[in-house]
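Residues per chain, in single letters:
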Number of protein chains: 2
Amino acid sequence: MLIQIDYQSDVPIYVQLTNQIIEGMASGELKPGEPLPSVRALAADLGINLHTVNKAYTHLKQEGFIQVHRQRGALVRPDPMPPADEAFRSRLESQMRPIVAEAVCRRMDEADFLDMCRRIYRHFTKEES
Amino acid sequence: MLIQIDYQSDVPIYVQLTNQIIEGMASGELKPGEPLPSVRALAADLGINLHTVNKAYTHLKQEGFIQVHRQRGALVRPDPMPPADEAFRSRLESQMRPIVAEAVCRRMDEADFLDMCRRIYRHFTKEES
DNA sequence: TGACTGTTCTATTTGTAATATAACAGTTGT
DNA sequence: ACAACTGTTATATTACAAATAGAACAGTCA
């Protein structure tokens with residue numbers, strides 16, 4: 001899977017990495033149980049520090065996206081994620097609220113906005129990548 | 001308008017402040033042309049530093065949400081915001097992509113996800129606050 | 001044995017967030 | 001004229017996060 005880091009972005013590298021792995025899982029580009037590169041290999045590949053990759057892996061592990069075996073490496077969670085519970089939906093909504101507010105201020109009407117949401121959703125689910 | 005700062009949040013104070021003002025504008029709680037509290041008054045009201053409020057105002061000004069007159073204070077942009085252009089839509093999509101990916105991983109189906117999007121949107125536009 | 005795995009430790013550098021204090025320059029109201 | 005207010009600017013400090021660096025540990029595996 002191809003990973004692109006934007007060093008000019010104000011988004012921290014480890015967050016960019018975390019997001020892209022989650023997006024890979026959502027699109028099906030990363031299959032359940034699939035092994036991930038070692039922290040050293042991925043760091044070398046991206047030209048960043050091993051600890052930065054490790055930070056991303058640690059976050060992904062804490063949120064259940066990946067499994068990490070201390071001497072065998074990291075792999076994509078082999079079984080499906082737990083379905084969205086109330087805590088998750090609440091967190092999701094908090095993250096979306098300011099974004100939606102901006103869209104409203106910029107006069108995107110409901111249909112236009114929902115079209116965009118639908119398009120992004122299908123970008124992940126349609127034809128599995 | 002009531003503003004609530006969460007000091008335990010990992011979201012910077014000035015970002016929380018920026019977001020809440022944008023949300024106030026989206027919901028209609030803040031009317032076009034309405035004056036905002038001075039940086040000193042709002043800082044004192046919230047128990048934070050004047051520079052933190054000023055940072056939020058500066059960001060809001062740069063993105064066109066408010067107008068700032070050097071000696072008269074800040075006010076909500078009196079005329080409507082420019083409609084969403086391609087640059088804005090692109091930025092919006094970049095912000096939403098990782099959030100949507102999480103929702104897909106957590107097995108929210110399309111209808112469920114779009115319902116949430118619609119509910120958030122209407123929270124701002126329905127009955128103008 | 002040797003190459004690999006994630007993990008842990010200490011350390012440094014860099015940048016941002018938030019605070020504090022002070023001053024400036026231009027209204028505005030008395 | 002005066003005082004009170006406005007955003008702005010400057011300097012400084014504290015605290016913390018991001019990213020890097022180098023080294024070591026403990027277990028796996030061919």
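Model, not experiment: these values are computed from the prediction.

S.K.: What am I meant to see in the interface of chain A and chain B here?
M.R.: Interfaces are frequently sized by the accessible area removed from exposure as the parts join. Counting residues at the interface gives 45 residues for chain A and 45 residues for chain B. Between chain A and chain B, the buried area comes to about 4,900 Å², and carbon and sulfur atoms account for 69% of it. Contact with chain B buries surface across chain A, with E102(A), R106(A) and Y121(A) losing the most and accounting together for 16% of the total. In this assembly, chain A and chain B are joined by 12 salt bridges. Note that E102(B) is salt-bridged to R91(A), the shortest N-O span being 2.9 Å. Elements with a contribution of two residues or more to the side of chain A that touches chain B: helix 1 (13-27), helix 4 (86-105) and helix 5 (110-125) of chain A.

S.K.: What am I meant to see in helix 1 (residues 13-27) of chain B here?
M.R.: Along an α-helix, residues three or four positions apart point the same way, because every turn accommodates 3.6 residues. Look at helix 1 of chain B: 21 Å from first C-alpha to last across 15 residues, which is about the 21 Å you get at 1.5 Å a residue. Of all 15 residues that make up helix 1 of chain B, 11 are buried, and the element is covered over most of its length. Of the residues making up helix 1 of chain B, those classed as buried are Q16(B), L17(B), T18(B), Q20(B), I21(B), I22(B), E23(B), G24(B), M25(B), A26(B) and S27(B). Those residues of helix 1 of chain B that are buried are in contact with helix 4 of chain A together with helix 2 (39-46), helix 3 (50-62), strand 2 (73-76) and helix 5 (110-125) of chain B. Just past helix 1 of chain B, the residue G28(B) takes up positive phi, approximately 90 degrees.

S.K.: Can you walk me through the protein's contact with DNA strand D in this structure?
M.R.: If you check the shell around DNA strand D, you find 23 residues, and the closest are I13(A), Y14(A), H51(A), K55(A) and H51(B). When the atoms of DNA strand D within 4 Å of the protein are grouped by moiety, sugar and phosphate amount to 64% of the total. Here a phosphate oxygen of DNA strand D and a side-chain polar atom of K61(B) are 3.0 Å apart. A distance of 2.7 Å is found between a sugar or linking oxygen of DNA strand D and a backbone nitrogen or oxygen belonging to R70(B).

S.K.: Help me understand the protein's contact with DNA strand C, please; the structure alone is not making it clear to me.
M.R.: What surrounds DNA strand C is a group of 22 residues, the closest being R70(A), I13(B), Y14(B), H51(B) and K55(B). Of what DNA strand C places within 4 Å of the protein, 66% of the atoms are sugar or phosphate. Within the contact set of DNA strand C, a phosphate oxygen lies 2.9 Å away from a side-chain nitrogen or oxygen of S38(A). In the model, a phosphate oxygen of DNA strand C is placed 3.2 Å from a nitrogen or oxygen of the N54(A) side chain. Of the residues contributing to the surface near DNA strand C, the split by class is 6 nonpolar, 10 polar and 6 charged.

Criteria and thresholds
Residues numbered from 1 in each chain as written. Chains lettered and ligands numbered in written order. Predicted model: local features only at pLDDT ≥ 70, side-chain atom pairs only at ≥ 80, totals over all residues. Heavy atoms only, no water. Contact = heavy atoms within 4.5 Å. Buried area = accessible area lost by both parts, 1.4 Å probe. Salt bridge = Lys/Arg side-chain N within 4 Å of Asp/Glu carboxyl O. Helix = DSSP H or I, 4+ residues; strand = E, 2+ residues; numbered from the N terminus. Expected span 1.5 Å × (residues − 1). Buried < 20%, exposed > 50% of the residue type's maximum accessible area, 1.4 Å probe, protein only. Near = heavy atom within 4 Å. Polar contact = N/O pair within 3.5 Å; in protein donor to acceptor, adjacent residues only side chain to side chain. Nonpolar A, V, L, I, M, F, W, Y, C, P; charged D, E, K, R; others polar.

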